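# Examining the three-dimensional arrangement
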Amino acid sequence: MSGNIEDFFQCFEISCQGATSITTFACFLCDKIEPALCRAVYERTAKDIAEDMQGKFPDFQGNRANLEVCILRYLAEEENFEYFKIQSYCSDESRGLEKFLDSSLNHLYRKILSAVSLATQIVKVRKDREDKVSLWLDEFCRELSEVISLPRSDLKGIEHQEVTDIEFLSSVMVEALGDVRDRLKKEFAGADLSSFSRQPQTTLAEHFSGCWAQCPFCGAVCTNTMWNRIGDHQVVFHRPRALMGTMWDGTDHLVTDICSSLVTTNLRFRFDNGKWIRYKRYRDAGPPYSTWNIPPDPSRQAYWKWFVCHFRTELEALYNGKFQGKGEIPEAWRRITKQEALSELDKC
Ligand SMILES: [Zn+2]
Ligand SMILES: [Zn+2]
């Protein structure tokens, strides 16, 4: 379905106004362009951010199985907590996200301007054509087909405009498009990741095949290379539950315990809105817990223990919690060196 009742009346109004209605024509067209441009900016930005992340983590281009190890190594080597979460990566002080959005907007805006100019040139050459506006719209939409989604069929209502001065139409369009850009720029200044219909990390994830299920306790991503309905999800490096912001019930004390240790204990966790079960029997809690194989494994924990000690302040700030009380970081963790953490990754 193209257009709605409002469109119909606006088109009718434009026809009645005749040749003086170029401004209304440009408004109508820009009203169609604005939401399409906005969507295109978000899509392009998601891709840009994913590519930028790939540049920072060279092995994002490589083997999925090594991906996690590479990210962990990078985090430790750079000692840059910002990369722990793409969220913080995008919303750092330099307003990284806004910069990405602005650069996408400018890129697409320039493409639209050049489509205006190209369509205008073509119409000027084709002196034989009476239906100048219809031809202009044909060329404009065709030129934009790769840039934004602007179906030519949505513009049928305005194609019978009598416009003799196509240069004037072009200059009115350029001005109206400038307003569109300014409005979107303002909107993007307040954007965060929730504004995306497709998250950058989803785009990033698509560069890799494989399973992206997250451990229900610690959020570590399954390292199976295939979606496998029969096999259990698994991951080598489970992490302290604090990495997901989990706190001890009724306190702001972050949970330092690691899933691969918790599953040997009689401690309980809450699931399904208030039921409690022992970690030992986590599979009995049903999905998603039952779809994970979490073997008791006190080895392979040095990295995340070091991480929690090293980024303690940042984690406390991120989750508004404290490593206190039950969440006190064990003394032994503090003796783990960065070298020990990194060499654990080398064993993989
Ligand atoms: Zn886990
Ligand atoms: Zn899996």
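Residues numbered from 1 in each chain as written. Chains lettered and ligands numbered in written order. Predicted model: local features only at pLDDT ≥ 70, side-chain atom pairs only at ≥ 80, totals over all residues. Heavy atoms only, no water.

### Overview of the packing of aromatic side chains
Just so we agree on the cut-off: Two aromatic rings, drawn from Phe, Tyr or Trp (for Trp, its six-membered ring), form a pair once their centres lie within 6.5 Å of each other, and the interplanar angle then sorts them: stacked below 30 degrees, edge-to-face above 60, tilted otherwise. Starting at the N terminus, helices and strands are each numbered in turn, a helix being any DSSP run of H or I of at least four residues and a strand any DSSP run of E of at least two. Each residue's exposure class comes from its accessible area (1.4 Å probe, protein chains only) as a fraction of the maximum for that residue type: buried when under 20%, exposed when over 50%, partly exposed otherwise. Placement of a charge over a ring requires the Lys NZ or Arg CZ to be within 6 Å of the ring centre, with the centre-to-atom vector within 35 degrees of the ring normal.
Across all of its chains, the model carries 16 aromatic pairs by this definition. Considering the side-chain rings of Phe 269 and Phe 271, the 6.1 Å spacing of their centres and the 50° angle between planes classify their relative orientation as tilted. An angle of 40° between the planes, with centres 5.0 Å apart, marks the rings of Phe 269 and Tyr 289 as tilted. Placement of the pair is Phe 269 in strand S1 (residues 268-271) and Tyr 289 in the loop between strand S2 (275-278) and helix H10 (302-310), with a sequence separation of 20 residues. Neither Phe 269 nor Tyr 289 differs from the other in exposure class; each is buried. Each residue in the set Phe 217, Phe 269, Phe 271, Tyr 279, Tyr 282 and Tyr 289 is aromatic and connected to the rest through ring pairs, giving one cluster. Above the face of the Trp 304 ring, Arg 239 is positioned so that its terminal group lies 5.2 Å from the ring centre.

### What about the pairing of S2?
The condition that has to hold: Paired strands, in this sense, are two strands between which DSSP finds at least two bridges.
Relative to S2, S1 is paired through 4 bridges, and the arrangement is antiparallel. Across the sheet, Arg 270 pairs through a bridge with Trp 276, a residue of S2. Two successive antiparallel strands, S1 and S2, enclose a turn made up of 3 residues, where Asp 272 displays a positive phi of approximately 45°.

### Comments concerning the confidence of the model for the protein
This is how it is decided: For every residue, the predictor states its confidence as a pLDDT score lying anywhere from 0 to 100. Contact definition: two residues touch when any of their heavy atoms are within 4.5 Å.
On average, residues of the protein score 84 in pLDDT, and 80% of them reach the 70 mark or higher. Between the elements of the protein, mean pLDDT differs from a low of 50, seen in helix H4 (residues 86-90), to a high of 95, seen in helix H6 (residues 132-144). Confidence drops under pLDDT 50 across residues 90-94; counting only partners more than four residues distant or on other chains, this segment forms 7 contacts.

### A short note on the packing of helix H5 (residues 96-125) against H6
We apply this condition: What counts as an axis is a line fitted to C-alpha atoms, over the stretch in contact for a helix, and the angles between N-to-C directions run from 0 to 180 degrees. Angles below 35 degrees are treated as roughly parallel, those above 145 as roughly antiparallel, those between 65 and 115 as roughly perpendicular, and all remaining angles as oblique. Less than a right angle of anticlockwise turn of the near helix away from the far helix marks a crossing as left-handed, whereas a clockwise turn marks it as right-handed. We call Asp, Glu, Lys and Arg charged. Ala, Val, Leu, Ile, Met, Phe, Trp, Tyr, Cys and Pro are nonpolar, and the rest, Gly among them, are polar.
The N-to-C vectors of H5 and H6 enclose an angle of 140°; their axes lie 8 Å apart at closest approach. The angle between the axes of H5 and H6 places the two elements in the oblique class. Judged by the sense of rotation from one axis to the other, the crossing of H5 with H6 is right-handed. Residues Lys 111, Ile 112, Ala 115, Val 116, Leu 118, Ala 119, Thr 120, Ile 122 and Val 123 of H5 form the contact with H6, whose participating residues are Lys 132, Leu 135, Trp 136, Glu 139, Phe 140, Glu 143 and Leu 144. Residue classes in the contact of H5 with H6 are distributed as 11 nonpolar, 1 polar and 4 charged.

### Let's talk about the coordination of the zinc ion (ligand 1)
Convention followed: Coordinating donors are taken to be N, O and S atoms lying within 2.8 Å of the metal, or within 3.2 Å when the metal is Na, K or Ca; because water is excluded from the atom set, some sites may appear incomplete. Think of it this way: with four donors and all angles in the 85 to 135 degree range, the site is tetrahedral; with four or six donors, opposite ones beyond 155 degrees and the rest between 65 and 115, it is square planar or octahedral; otherwise it is irregular.
The zinc ion (ligand 1) binds to the protein through Cys 215 (SG), Cys 218 (SG), His 238 (ND1) and Cys 259 (SG); the donor distances cover 2.1 to 2.3 Å. Around the zinc ion (ligand 1), the 4 donor atoms are arranged such that angles at the metal cover 100 to 114°; this shape is classified as tetrahedral. Look at where the donors of the zinc ion (ligand 1) fall in the sequence and you get C-x2-C-x19-H-x20-C. Residue Cys 218 is found in the loop between helix H8 (200-205) and helix H9 (259-262), and its partner Cys 259 is found in helix H9; the two are separated by 41 residues along the sequence. Grouping residues by exposure puts Cys 218 and Cys 259 together as buried.

### A few points about the nonpolar core
Nonpolar side chains in soluble globular proteins tend to end up buried together. Note the following rule: Each nonpolar core is a collection of buried residues, namely Ala, Val, Leu, Ile, Met, Phe, Trp, Tyr and Cys, held together in the definition by side-chain atoms within 4.5 Å.
One finds Leu 29, Ile 33, Leu 37, Trp 136, Phe 140, Ile 148 and Met 173 to be the most contacted residues of the largest nonpolar core, which totals 52 residues. For this core, the secondary-structure elements that each account for two or more residues are helix H2 (22-56), H5, H6 and helix H7 (166-189). Broken down by element, the residue count for this core peaks at 16 residues, all from H2. Each residue touching Phe 140, except ones within four places of it in the same chain, is listed here: Leu 29, Ile 33, Ile 112, Ala 115, Val 116, Ala 119 and Leu 150. Counting residues in hydrophobic clusters, the runner-up holds 25 residues, among them Phe 81, Phe 237, Ile 336 and Leu 342.

### A short note on the pattern of salt bridges
Keep this limit in mind: Note on definitions: salt bridges are taken to be side-chain nitrogens of Lys or Arg within 4 Å of carboxyl oxygens of Asp or Glu.
Counted under the stated rule, the structure contains 16 salt bridges. Lys 124 is the salt-bridge partner of Glu 167, the closest N and O atoms lying 2.4 Å from each other. With a gap of 43 residues between them, Glu 167 in helix H7 and Lys 124 in helix H5 connect regions that are remote in the sequence. A relative accessible area of 38% places Glu 167 in the partly exposed class. Asp 128 is the salt-bridge partner of Arg 126, the closest N and O atoms lying 3.3 Å from each other. Of the residues examined, Arg 126 reaches a relative accessible area of 33% and is grouped as partly exposed. Several salt bridges converge on common partners, so that one network encompasses Asp 138, Arg 152, Lys 156 and Glu 159.

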